[in-house]
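# Per-entry structural report
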Amino acid sequence: AMKTATGTNPGWNYTNIYRLEIAYNTTYFNGGSSQFFQRYENMIELRLQPNSATWDANKQMLAFWNCYKLETIHNLDTFTFKDGTLGGAFQNCRSLTNITIGVSPDVKKTQDSTFNGCTALQSLNFKEAFPNLTTIGSTVFSGCANLKYLSIPASVTTFGSTSFQNFTGLTF
């Protein structure tokens, strides 16, 4: 069954959450923590209602870090990220195959390890999501062995060391 979060952090036993819906008018993503879904290691599905919450800049650096079983994030394309919010955000989401991120013109740099360890990830469209991106940090795609499609905007001029370490799926 889908559990629905309203208000701020609901305080559930996180290991028993498999499907979670963030409802309208939720301020769940604001606050001092940078690891909001870190304890949701068994969560397989997250449904974000369109425009249901604000994504607070500089506080969501590790938002989905170690959500090992997370397969699907619905409506993430309705959120706009700010520069400084993507460092390690999806690190070790081993079951996530595809992700669509909302157009975020403020993002100029992906910090280190954004998609590091996303071994099942198959496609990413940075060109549409981050049209003003100039820098891709270190180990951003490290271990993305199944990534077959990756679009990077022409504005990218700098790649961090080991951006594509252990990256074997994509041919250029």
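So, on to the overall build of the chain. The helix and strand inventory of the chain stands at 1 helix and 9 strands. Of the regular secondary structure in the chain, the N- to C-terminal order runs β-β-β-β-β-β-α-β-β-β. When the 172 residues of the chain are sorted by exposure, 48% land in the buried category. For the chain, the share of sequence-separated contacts (at least 6 apart) that also reach a separation of at least 24 residues comes to 68%.

Turning to the sheet that holds strand β9 (residues 158–159), a few remarks are in order. With parallel pairing, the 3 strands of this open sheet are ordered in space as β5-β7-β9. This sheet does not close on itself; its edge strands, each paired only once, are β5 (109–110) and β9. Relative to strand β7 (residues 135–136), β5 is paired through 2 bridges, and the arrangement is parallel. Looking at the pairing, T110 lines up with I136 of β7.

Let's shift gears to the packing of aromatic side chains. Taken as a whole and assessed by the stated rule, the structure comprises 8 aromatic pairs. Seen from their ring centres, F115 and F126 are 6.0 Å apart, and the 50° between their planes marks the pair as tilted. With F115 in the loop between β5 and β6 (123–125) and F126 in helix α1 (residues 126–129), the pair connects residues that are 11 residues apart, well separated along the chain. Taken individually, F115 and F126 each receive the classification buried, so the pair is uniform in this respect.

Following the criterion strictly, the structure yields 2 salt bridges and no others. Across the pair R19 and E45 runs a salt bridge whose closest N-O atoms are separated by 2.9 Å. Here the residue R19 occupies a position in strand β2 (residues 19–22), and E45 occupies one in strand β3 (residues 45–48), the gap between them amounting to 26 residues. We classify R19 as partly exposed; its relative accessible area is 33%. Between R47 and E45 there is a salt bridge whose closest N-O contact spans 3.0 Å. According to the relative accessible area criterion, R47 is partly exposed, its value standing at 26%. Its relative accessible area of 12% is what places E45 among the buried residues. Salt bridges sharing partners connect three or more residues here, namely R19, E45 and R47.

Now for the pairing of β3. In this sheet, β3 lies alongside β2 in parallel orientation, the contact comprising 4 bridges. Among the inter-strand pairings, I22 is bridged to a residue of β3, identified as L48. Inspection of the sheet shows β3 paired to strand β4 (residues 72–74) by 3 bridges, in the parallel sense. When the bridges of β4 are listed, E45 appears paired with T72.

Turning next to the nonpolar core. Generally speaking, nonpolar side chains in soluble globular proteins are found buried as a group. One finds F90, F115 and F141 to be the most contacted residues of the largest nonpolar core, which totals 41 residues. Those elements giving two or more residues to this core turn out to be β2, β3 and α1. Other than its neighbours up to four places away in sequence, F141 contacts F115, L124, F126, I136, L147, L150, S163, F164, Q165 and F167.

Within the secondary structure, K127 sits in helix α1. It is 9.3 Å that separates the C-alpha atoms of K127 and V103, two residues lying 24 residues apart in sequence. When near neighbours in sequence (up to four residues on either side) are disregarded, K127 contacts S151, I152 and P153.

Here is what the cut-offs are and how they apply
- Residues numbered from 1 in each chain as written.
- Predicted model: local features only at pLDDT ≥ 70, side-chain atom pairs only at ≥ 80, totals over all residues.
- Heavy atoms only, no water.
- Helix = DSSP H or I, 4+ residues; strand = E, 2+ residues; numbered from the N terminus.
- Buried < 20%, exposed > 50% of the residue type's maximum accessible area, 1.4 Å probe, protein only.
- Contact = heavy atoms within 4.5 Å.
- Pairing = 2+ DSSP bridges.
- Phe/Tyr/Trp six-rings, centres within 6.5 Å; stacked < 30°, edge-to-face > 60°.
- Salt bridge = Lys/Arg side-chain N within 4 Å of Asp/Glu carboxyl O.
- Core = buried A, V, L, I, M, F, W, Y, C linked by side-chain atoms within 4.5 Å.

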